[in-house]
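Remarks on the overall topology
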Amino acid sequence: MSRRSGPLGFGTGLLHHVNDPASAVRLLRQAHEQGITYFDTARLYGDGRCEGLLGEAFSHMRGEVILATKIGILPPARDFAVRLKAKLAATLRRLPPLRSIVPAPPVQFPEFGVFDPARMQASLETSLRELRTDHVDLLLLHECALEDVCRPEVLEFAEQAIRQGKARAWGVAPAPDAMLAIAASGAPYGDVAQFDAALQPAFILPPKLTITHSCLGARFQETLARLSQDEPFRERWSTALGKEATTAAIAQAFLAHAVRQNPGGLVLFSTTRPERLRSNLDAATLITAPDQAAAIAALIAGE
């Protein structure tokens, strides 16, 4: 990846929850206008819709953005016949006389662990078509396990994608336990490691780039719950922040802490609301003093 983003990247896992596709595209372009150049997506996100939104937003300015997508998890089938059958069943079941006769549409789930060469190739080609580009800057193995990165055909596929110019770099995006196992094994895992911010990047053997995500995960929710019951804890937060400990201020602090924990890397954030873009971007420079950083780190740790 020859272009570099700032310390923050935009994760598109929530993008399909924006009211309509046009609004989602506007949100992406607003993020770019405010300084974001790195955009992370996956075949899975939005049951395959999020890549198409990125393609709509940036196909005319491909050289100005860094696009990362993933292989390894396939969204539920969304072909026309499947969608038509499900819609027909749902419509008929609205009529009480037919509710007990017409079966409910089958629940469809993503397919995990799709690391055979044929389906990896099909997944990558679909991503390129949806993104309206001939290459991605980063191709990640989505929720891979140690055994996946140790398989010669997986490594060969990733390297072949780079040789063919369909990817500029590759890496892994596993669950936390798998990331620790992969890092400890010494197995090759490309140029990038992307993992939950709950893991400390220092514990991971450094690739060329470390990306963290989900800094507003379980610990953030636990902090909000404690604030509603523990007034001294809330006062300590207000003192550390230098302002009222609102939910937005604490979210900003968690994001700022994740940036400090991953110097030289990238931290992903997600939002469906344009008005929150600025506060997320400002978080990158929120913590400047070492004593404030230490105080916020202790509070995030629940101390």
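Structure report, in brief. (Residues numbered from 1 in each chain as written. Predicted model: local features only at pLDDT ≥ 70, side-chain atom pairs only at ≥ 80, totals over all residues. Heavy atoms only, no water.)

All right, on to helix α10 (residues 231–241) then. Every α-helix winds through 3.6 residues per turn, so residues three or four apart in the chain are directed the same way. Three or more residues of α10 are buried, namely Phe233, Trp237, Ala240 and Leu241. Viewed along the axis of α10, the buried residues span an arc of 95°, placing them on a single side of the element. Across from the buried face of α10, at angles greater than 90 degrees, the exposed residues are Pro232 and Thr239. Structurally, α10 contributes buried residues whose contacts are with α9 (218–227), α11 (247–261) and α13 (290–300). Capping of α10 at its N-terminal end is provided by Asp230; its side-chain oxygen lies 3.1 Å from the backbone amide nitrogen of Phe233. One or two steps after α10, the chain reaches Gly242, where phi turns positive at roughly 75°. (Buried < 20%, exposed > 50% of the residue type's maximum accessible area, 1.4 Å probe, protein only. Helix = DSSP H or I, 4+ residues; strand = E, 2+ residues; numbered from the N terminus. Arc of directions from axis to C-beta. Contact = heavy atoms within 4.5 Å. Polar contact = N/O pair within 3.5 Å; in protein donor to acceptor, adjacent residues only side chain to side chain.)

Ranked by size, the top nonpolar core spans 76 residues in total, and within it Phe10, Phe39 and Trp237 carry the most contacts. If one sorts the elements of this core by residue count, α11 sits on top with nine residues. With sequence-adjacent residues up to four places away left out, Phe39 is seen in contact with Phe10, Leu28, Ala31, His32, Leu54, Phe58, Val65, Ile66, Leu67 and Ala68. (Core = buried A, V, L, I, M, F, W, Y, C linked by side-chain atoms within 4.5 Å.)

Moving on, we get to the packing of helix α2 (residues 49–58) against helix α5 (residues 117–131). α5 packs onto α2 with a crossing angle of 40° between their chain directions and a minimal axis gap of 7 Å. Between α2 and α5, the angle is such that the two are oblique. Contacts between α2 and α5 pair Glu51, Gly52, Leu54 and Gly55 from the former with Ser127, Glu130 and Leu131 from the latter. Residues belonging to the contact of α2 with α5 are distributed by class as follows: two nonpolar, three polar and two charged. (Axes fitted to C-alpha atoms, helices over the stretch in contact; angles between N-to-C directions. Parallel < 35°, antiparallel > 145°, perpendicular 65-115°, else oblique. Nonpolar A, V, L, I, M, F, W, Y, C, P; charged D, E, K, R; others polar.)

Taken as a whole, this structure holds 14 salt bridges when the rule is applied. The residue Lys166 makes a salt bridge to Glu125 at a minimum N-O spacing of 2.4 Å. Taken as a pair, Lys166 in the loop between α7 (152–163) and β5 (170–173) and Glu125 in helix α5 lie far apart in primary sequence, 41 residues in all. Within this structure, Glu111, Asp116 and Arg119 form a network of salt bridges that share partners. (Salt bridge = Lys/Arg side-chain N within 4 Å of Asp/Glu carboxyl O.)

Around the barrel, eight strands lie side by side as β1-β2-β3-β4-β5-β6-β7-β8; this closed barrel has parallel pairing. Each neighbouring strand pair of the sheet contributes to a mean axis angle of 25°, computed without reference to strand direction. Of the pairings in the sheet, the one linking strand β1 (residues 8–11) to strand β8 (residues 266–269) comprises three bridges and is parallel in character. Pairing of Gly9 across the sheet is with Leu268, part of β8. Relative to the sheet, α11 contacts β1 and β8, its axis offset from that of β8 by approximately 155°. (Pairing = 2+ DSSP bridges.)

Before going further, it helps to examine the pairing of β5. Taking every second residue as pointing to the same face, both faces of β5 are buried, with Trp170 and Val172 on one and Gly171 and Ala173 on the other. Pairing between strand β4 (residues 138–142) and β5: four bridges, direction parallel. Paired with His142 across the bridge in β5 is Ala173. Pairing of β5 with strand β6 (residues 192–196), which is carried by two bridges, proceeds in the parallel orientation. Looking across to β6, one finds that Gly171 is bridged to Val192. Taken together, β5, helix α8 (residues 176–185) and β6 form a β-α-β motif whose crossover is right-handed. (Right-handed = clockwise from strand over helix to strand, strands pointing away.)

On to the packing of aromatic side chains. For the structure shown, the criterion picks out five aromatic pairs. Note on Phe10 and Phe39: the rings are 6.0 Å apart at their centroids and 40° apart in plane angle, and the pair reads as tilted. With Phe10 in strand β1 and Phe39 in strand β2 (residues 38–40), this pair connects stretches of sequence that are 29 residues apart. Assessed through its relative accessible area of 0%, Phe39 is described here as buried. Here the aromatic rings of Phe39 and Phe58 are separated by 4.7 Å at their centres, their planes lie at 45°, and the arrangement is tilted. A residue pair is termed long-range when its members are at least 10 positions apart, and Phe39 in strand β2 and Phe58 in helix α2 qualify at 19 residues. Accessibility assignment for this pair places Phe39 and Phe58 in one class, buried. An aromatic cluster of at least three residues, connected via ring pairs, comprises Phe10, Phe39, Phe58 and Phe269. Seen from the ring of Phe233, Arg226 lies directly overhead, with NZ or CZ sitting 3.8 Å from the centre. (Phe/Tyr/Trp six-rings, centres within 6.5 Å; stacked < 30°, edge-to-face > 60°. Lys NZ or Arg CZ within 6 Å of the ring centre and 35° of its normal.)

One way to put it is that α11 packs onto α13 with a least axis distance of 10 Å and a crossing angle of 110°. With respect to α13, the axis of α11 lies roughly perpendicular. Handedness of the crossing formed by α11 with α13: left-handed. Here Ala253, Phe254, His257 and Arg260 of α11 lie close against α13, whose contacting residues are Ala293, Ile296, Ala297 and Ile300. Across the contact of α11 with α13, the residue classes tally to six nonpolar, one polar and one charged. (Left-handed = near helix turned anticlockwise from the far one by under 90°.)

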